[in-house]
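# Fold and geometry: a report
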Amino acid sequence: MHCCLCEILLLLAGLAALLLTLLLIVAHVTAKKMPNLHRSEEEKYFTDSKGKKEPFPSIHDPPTKDLSVVVPSYNEEERLPVMMDEAMEFLEQRQKKQPSFNYEVIVVDDGSRDKTTEVAFKYCKKYGSDKVRVLTLKKNRGKGGAVRMGVLVSRGKLILMADADGATKFADIKNVEVGLEKLKPWPDQMAISCGSRAHLEKDSIAQRSVFRTFLMYGFHFLVWFLCVRRVKDTQCGFKLLTREAAARTFSALHVDRWAFDVELLYIAQCLSIPVAEVAVNWTEIEGSKLVPFWSWLQMGRDLLFIRMRYLTGAWKIDTSGKLN
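Residues numbered from 1 in each chain as written. Predicted model: local features only at pLDDT ≥ 70, side-chain atom pairs only at ≥ 80, totals over all residues. Heavy atoms only, no water.

This is how it is decided: UniProt positions are given in the numbering used here, feature names are shortened, and annotations may be inferred rather than shown by experiment.
An unreviewed UniProt entry annotates the chain as Dolichyl-phosphate beta-glucosyltransferase of Xenopus tropicalis. Note on the chain: under the UniProt heading Subcellular location (unreviewed entry), the record states "Endoplasmic reticulum membrane". Of the comments in the UniProt record for the chain, the one headed Pathway (unreviewed entry) reads "Protein modification; protein glycosylation."

### Observations regarding the sheet that holds strand E8 (residues 239–242)
What counts, and what does not: By definition, two strands form a pair when at least two bridges between them are found by DSSP. Under the scheme used here, helices are H or I runs from DSSP no shorter than 4 residues and strands are E runs no shorter than 2 residues, and both carry numbers assigned from the N terminus. Lines fitted to the C-alpha atoms define the axes, with helices restricted to the stretch that makes contact. Angles between their N-to-C directions range from 0 to 180 degrees. The contact criterion used is simple: two residues touch if any of their non-hydrogen atoms lie within 4.5 Å.
Taken together, seven strands build an open sheet; the order of strands is E5-E4-E3-E6-E8-E7-E9 and the sheet is mixed. With partners counted over all chains shown, the strands left at the sheet margins are strand E5 (132–136) and strand E9 (275–279), one partner each. Taken pair by pair, the neighbouring strands of this sheet meet at an average axis angle of 20 degrees, ignoring direction. The sheet contact formed by strand E7 (residues 192–196) and E9 spans five bridges and is parallel. Following the sheet pairing, Gly 195 is matched in E9 by Val 278. Packing of helix H3 (residues 116–127) onto the sheet brings it into contact with strand E3 (65–73), strand E4 (103–109) and E5, and relative to E5 it is tilted by some 155 degrees. Those strands touched by helix H5 (residues 173–181) are E3, strand E6 (156–161), E7, E8 and E9, and its axis lies near 140 degrees from that of E7.

### Thoughts on the pattern of salt bridges
This is how the line gets drawn: Any carboxyl oxygen of Asp or Glu within 4 Å of a side-chain nitrogen of Lys or Arg constitutes a salt bridge here. Categorising residues by exposure relies on relative accessible area from a 1.4 Å probe, with only protein chains included: less than 20% of the type maximum marks a residue as buried, more than 50% marks it as exposed, and the intermediate range marks it as partly exposed.
On inspection of all chains with the given rule, the structure shows 17 salt bridges. Of the charged contacts, one joins Arg 155 and Glu 104 as a salt bridge, the two residues approaching to 2.8 Å between their closest N and O atoms. Taken as a pair, Arg 155 in the loop between helix H4 (143–151) and E6 and Glu 104 in strand E4 lie far apart in primary sequence, 51 residues in all. Across the pair, Glu 104 and Arg 155 agree in class, each one buried. Several salt bridges share partner residues, and in doing so they unite Lys 65, Glu 104, Asp 130 and Arg 155 into one network.

### Examining the packing of aromatic side chains
Going by this rule: Between 30 and 60 degrees the pair is tilted, below 30 it is stacked and above 60 it is edge-to-face, where a pair is any two Phe, Tyr or Trp rings, Trp via its six-membered ring, whose centres lie within 6.5 Å. When the NZ atom of lysine or the CZ atom of arginine is within 6 Å of a ring's centre and also within 35 degrees of its normal, the charge is said to sit over that ring.
Per the stated rule, a full pass over the model turns up eight aromatic pairs. For the pair Phe 46 and Phe 56, a centre-to-centre distance of 5.1 Å together with 50 degrees between the ring planes defines the contact as tilted. On the criterion of sequence distance, the pair formed by Phe 46 in strand E1 (residues 45–47) and Phe 56 in the loop between strand E2 (53–55) and E3 is long-range, its members being ten residues apart. Its relative accessible area of 4% is what places Phe 46 among the buried residues. Exposure remark for Phe 56: the relative accessible area of 9% places this residue in the buried category. Aromatic side chains Phe 90 and Phe 170 sit 5.6 Å apart centroid to centroid with 65 degrees between the ring planes, which places their arrangement in the edge-to-face category. In this pair, Phe 90 sits in helix H2 (residues 80–97) while Phe 170 sits in the loop between E6 and H5, placing the two residues 80 residues apart along the sequence. By the ring-pair criterion, three or more aromatic residues cluster together here, those being Phe 90, Phe 170 and Phe 238. Arg 229 extends its terminal NZ or CZ atom over the ring of Trp 224, reaching a point 4.3 Å from the ring centre.

### Observations regarding the pairing of E4
Among the seven residues of E4, seven are classified as buried, and the element is accordingly described as predominantly covered. Alternating residues of E4 divide into Tyr 103, Val 105, Val 107 and Asp 109 and Glu 104, Ile 106 and Val 108, and every residue in both groups is buried. By the bridge criterion, seven bridges tie E3 to E4 in an arrangement that is parallel. Bridging from a neighbouring strand, Leu 67 pairs with Tyr 103 of E4. Note: E4 against E5, five bridges, orientation parallel.

### Points about empty space enclosed by the protein
The condition that has to hold: Using protein atoms alone on a 1 Å grid, points that fit a 1.4 Å probe yet trap it form a cavity, whereas open point sets bounded by protein on both sides within 12 Å along at least five of seven lines form a pocket; residues with an atom within 4 Å of a point count as lining. Grid points are joined across faces, edges and corners, and a volume is the space filled by probe spheres set on the points. Amino acids outside the nonpolar list (Ala, Val, Leu, Ile, Met, Phe, Trp, Tyr, Cys, Pro) and the charged list (Asp, Glu, Lys, Arg) are all regarded as polar, and Gly is one of them.
One pass over the full model with this rule turns up one cavity of 30 Å³ or more. If you add up the space inside the largest cavity, you get close to 70 Å³. If you trace the largest cavity, you find it lined by Met 83, Glu 86, Ala 87, Ala 162, Asp 163, Asp 165, Gly 166, Ala 167, Thr 168, Phe 170 and Phe 238. Of the residues in the lining of the largest cavity, the class split is six nonpolar, two polar and three charged.

### Thoughts on the layout of surface pockets
Empty space within the second largest pocket amounts to approximately 470 Å³. The wall of the second largest pocket is formed by 19 residues, among which Lys 32, His 254, Val 255, Asp 256 and Arg 309 lie closest to the centre.

### Let's talk about H4
Taking burial as the measure, the nine residues of H4 include nine buried ones, the bulk of the element. Here H4 has its buried residues at Lys 143, Gly 144, Gly 145, Ala 146, Val 147, Arg 148, Met 149, Gly 150 and Val 151. Along its buried surface, H4 packs onto E3, E4, E5, E6, helix H8 (243–252) and helix H9 (260–270).

What follows is the structure, encoded as structure tokens:
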């Protein structure tokens, strides 16, 4: 009996090793070696408030703004105005109190099928294209791809990622700014401050089904086990980066969809970029693009492949300090 049990365990271990080997091979062979930084000719330009085409700058240019806010938007014609009204009011009030403060908001239309670009452009006409710019992508890239395209054309010393649904109150930028300041001195001017909903987890569990709670804990475990150890909530879409940290991480980012935050923080971890996690106010807004089961399944697959592709060398991080 004991021998039979040992044989079964050895067989299972062998099968597990074989499966892991196959997954490593698949992850390596199917990996796109370089990040997708390609832009179509149209994506290299924005339309100013007078209807004239102007070229976007580059993240590698010297900064000319104190803050850039990048807003990834996919079919957000209904939810975007609420977020933009709140953000613009806050930023305009800050500018009145601090006349030297300047900013820009970059709305990235991720290949929407609705009037997201038209809605965003109304703010460009109202506030001017020096403050609000719209980057319309020809095809849907996914949230990570949209954020990356916005970051790579930003002008700010600091760059904030903010979701179009307005789930995080824009005034909480003060919280992530404090988190960033506490990380000083920043090594090579690089630091990241992440908004976090971890403090709301107990309340949210009470409102979730057992199945969704199981998926959430499973995802958190995979993030911790495979990629990121020091951040509890990797998925909150409210993150503040120094320009240098944004340039280094987003130039190396491969994942275009929901798990891009995890790869972003994994790259930061590998580059020893200091990361703060700061509590923010968050409200669930109707109209989420996240389909619970299938999106979690896709994210789980992406997490596994992130770790395997870096492990096998299919994806590499340039630790020399040079930018692409």
